[in-house]
Amino acid sequence: MKKQVLLSCIAAVLCFAIGFGTVALIKGGNNSSDLPGTTSTGEGNVSEGVVLDLKNMTEGISVTSRSFFPDNNALFEKLNLIRYGIENGKLNDKTLASELESAIRELEQLGYYYDYIDKTSITGEDGTVYGAAGNEQGPIGGGEGYKDVFTKGDFIVTDDNTFYAAVKNAKEGDVIFIQSGAVIDISDMAVTDYPNCQIKQGVTIASDRGHRGSGGGVLKYSLHLSTMFKTHHNVRITGLVLQGSDATTHEGEEKYSTTVGFVAQGDNLVIDNCEISGFNGSGISTNVGTIHIHHCYIHHVRGAGNGNGVLVTKANVKLEYNLFSNCRNAITMSGATAGSFEAYNNVEVGNSLGAMFYIKPSSVNSSIVEGMKQSGTSVIIKNNTVLGSTLPIRFEGMPGTYTVENNLFSLDESQYDANLFYGPEAYREAIKANSTFRNNAFNITAPYAMTWNEKAAATGEAAAE
């Protein structure tokens, strides 16, 4: 009987969203004797590293998810090994639990995140914080522990008919609540009755992601369709799971149909505590307006030539406390000359195909750096964490203002491609003169700070004004 129960547990791994616990951590260098005084002098070094006496900031969070896109061969191989171990008495309760946790990791595909789950930020002895940490509102990526969760609304949605009826009839100030645990496929009605679904001004669409173990209600596309919906002014999307039909990379394909989670447009638009995945173009495409995206888990957005967790075009976007996994690029500035973004306390787990931040050039010449193209009005990248070997920044266009500081980058500074990270060598001195690129920590296991402020570095005053 016990064997049958355990085998049933294995099947459950494939069928249900599971709450995940904290696992063993990789030890990092936390003593000053472990830290290097300088980095190597490879291409891209702008100044010597400054030794920091760093200590960890414990976060202790887990990830709430209902959408999985595993490597099926690897997952089933793992499950078959577990089954063999159970049937042949090779696994006791303790080792079975460990193997099931490993299978869950394979299902979830969160890169290096669990290895560093409470080391996504560190602090220097002077109190300077490097990298990303959650806040009092909830953990990075939202979910369990998030404070501002809806459990009811003016319209209760349980299927596609009630969803579209609610969208049609809701008025400013109303809340459309997607029933906890519901999985609503809106593909057919998007094709027929509502091809251009737009959320009206002042309406909130909500579910209860993170409340008492809930993964949140799901709106999904099972068909390969372009965009789920568009928004208006003062709209809020919260606690919801948006699940697309295409998490493939489309490598080597010249053309394919692009899918987008939703087009965010309008002033005072908020997207929070959502899980967004399975779109090959963009999870969120921010066209115009002022948009705040925070405490979201955005993953498996990987289409070649696209694959943007968040795409910023002409909007002014603030991104905070978001978790990115398996995107081609987590956050992309589209290359439009208008638009800006500020990114604080976001984490990329180390499995992006491109970069965490991709700053694309427009067709307009920069008035700041001769020879480069412009990219947006402003970019601020502060207190973010990039794990694994993911390129933190792919810098190809010059914003009107550009600030990069107090971030935590996993590798040594010399291990990043300088022409991508700092911009083309031919323009680097001009970029440096017109940017604030300072006090970022490199090498997550033995961290040290570097800055473009050579005078501050020479005097040992990392990040001094």
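Placed above this text is the structure.
Scoring rules and cut-offs
- Residues numbered from 1 in each chain as written.
- Predicted model: local features only at pLDDT ≥ 70, side-chain atom pairs only at ≥ 80, totals over all residues.
- Heavy atoms only, no water.
- Helix = DSSP H or I, 4+ residues; strand = E, 2+ residues; numbered from the N terminus.
- Buried < 20%, exposed > 50% of the residue type's maximum accessible area, 1.4 Å probe, protein only.
- Contact = heavy atoms within 4.5 Å.
- Expected span 1.5 Å × (residues − 1).
- Arc of directions from axis to C-beta.
- Polar contact = N/O pair within 3.5 Å; in protein donor to acceptor, adjacent residues only side chain to side chain.
- Pairing = 2+ DSSP bridges.
- Phe/Tyr/Trp six-rings, centres within 6.5 Å; stacked < 30°, edge-to-face > 60°.
- Axes fitted to C-alpha atoms, helices over the stretch in contact; angles between N-to-C directions.
- Parallel < 35°, antiparallel > 145°, perpendicular 65-115°, else oblique.
- Left-handed = near helix turned anticlockwise from the far one by under 90°.
- Nonpolar A, V, L, I, M, F, W, Y, C, P; charged D, E, K, R; others polar.
- Core = buried A, V, L, I, M, F, W, Y, C linked by side-chain atoms within 4.5 Å.
- Salt bridge = Lys/Arg side-chain N within 4 Å of Asp/Glu carboxyl O.

### What to know about the overall build of the protein chain
Step number 1: The helix and strand inventory of the protein chain stands at eight helices and 31 strands.
Step number 2: Looking at the protein chain as a whole, 55% of its 465 residues are labelled buried.
Step number 3: A fraction of 71% describes how many contacts in the protein chain between residues 6 or more apart in sequence connect residues 24 or more apart.

### A short note on helix H3 (residues 93-108)
Step number 1: With 16 residues, H3 should reach 22 Å at 1.5 Å per residue; the first-to-last C-alpha distance of 22 Å fits that figure.
Step number 2: For H3, the full list of buried residues reads Leu96, Leu100, Ala103, Ile104, Leu107 and Glu108. Down the axis of H3, the smallest arc covering the buried residues is 135°, so these residues share one side.
Step number 3: Capping of H3 at its N-terminal end is provided by Asn92; its side-chain oxygen lies 3.0 Å from the backbone amide nitrogen of Lys94.

### Regarding the pairing of strand S19 (residues 323-327)
Step number 1: Counting buried residues along S19, five of its five residues qualify, which places the element largely inside the surrounding structure.
Step number 2: Summarising the sheet, strand S16 (residues 297-301) and S19 pair through four bridges and their orientation is parallel. Residue Ile298 lies in a different strand from S19, and its bridge partner there is Phe324.
Step number 3: Inspection of the sheet shows S19 paired to strand S22 (residues 347-348) by two bridges, in the parallel sense. From the neighbouring strand, Leu323 faces S22, where its bridge partner is Val347.

### Examining the pairing of strand S18 (residues 316-320)
Step number 1: Pairing of strand S15 (residues 282-294) with S18, which is carried by five bridges, proceeds in the parallel orientation. Looking across to S18, one finds that His294 is bridged to Glu320.
Step number 2: Note that S18 and strand S21 (residues 340-344) share five bridges and pair parallel. Counted as the bridge partner of Leu319 is Ala343 from S21.

### A word on the packing of aromatic side chains
Step number 1: Summed over the entire model, instances satisfying the criterion amount to 15 aromatic pairs.
Step number 2: Between the aromatic rings of Phe229 and Phe262, the centroid separation amounts to 5.1 Å while the plane-to-plane angle is 20°, which identifies the pairing as stacked. Here the residue Phe229 occupies a position in strand S10 (residues 227-230), and Phe262 occupies one in strand S13 (residues 260-272), the gap between them amounting to 33 residues.
Step number 3: In this structure Phe262 comes out as buried when scored by relative accessible area, which is 0%.
Step number 4: Ring geometry for Phe341 versus Phe357: centroids 6.0 Å apart, planes at 10°, classification stacked. Here the residue Phe341 occupies a position in strand S21, and Phe357 occupies one in strand S23 (residues 355-359), the gap between them amounting to 16 residues.
Step number 5: For Phe341, a relative accessible area of 1% translates into the label buried.
Step number 6: Using a relative accessible area of 1% as the deciding quantity, one classes Phe357 as buried.

### With respect to the packing of helix H2 (residues 72-87) against H3
Step number 1: Here H2 crosses H3 at 165°, and the two axes come no closer than 9 Å. Considering their axes alone, H2 and H3 lie roughly antiparallel with respect to each other. H3 is crossed by H2, and the crossing has left-handed handedness. On H3, the residues that touch Ala74, Leu75, Lys78, Leu79, Ile82 and Ile86 of H2 are Leu96, Glu99, Leu100, Ser102, Ala103, Glu106 and Leu107.
Step number 2: The residue makeup of the contact of H2 with H3, split by class, is nine nonpolar, one polar and three charged.

### Observations concerning the environment of Gly134
Step number 1: You can see Gly134 is positioned in the loop between strand S4 (129-131) and strand S5 (155-157).
Step number 2: Separated by 187 residues in the primary sequence, Gly134 and Tyr321 place their C-alpha atoms 6.1 Å from one another.

### Description of the nonpolar core
Step number 1: One finds Phe163, Ile271, Phe341 and Ile393 to be the most contacted residues of the largest nonpolar core, which totals 77 residues.
Step number 2: Beyond its immediate chain neighbours, meaning those up to four positions away, Ile271 contacts Ile237, Phe262, Ala264, Ile276, Ile284, Ile291, His292, Ile293, His294 and Cys296.
Step number 3: With 19 residues, the next largest nonpolar core counts Leu110, Ile122, Tyr130 and Ala449 among its residues.

### Regarding the pattern of salt bridges
Step number 1: The tally for this structure, following the rule as stated, stands at nine salt bridges.
Step number 2: Of the charged contacts in the structure, one is a salt bridge between Asp115 and Arg105, with a shortest N-O distance of 3.8 Å. Here Arg105 lies in helix H3 and Asp115 lies in the loop between H3 and strand S3 (121-124), a separation of 10 residues in the sequence.
Step number 3: Judged by its relative accessible area of 30%, Arg105 is partly exposed.
Step number 4: Salt-bridge contacts for Arg328 lead to Glu251; the nearest nitrogen and oxygen are separated by 2.6 Å. Of the two residues, Arg328 sits in the loop between S19 and strand S20 (329-333) while Glu251 sits in the loop between strand S12 (241-243) and S13, which places them 77 residues apart along the sequence.
Step number 5: In this structure Arg328 comes out as buried when scored by relative accessible area, which is 12%.
Step number 6: Of the residues examined, Glu251 reaches a relative accessible area of 49% and is grouped as partly exposed.

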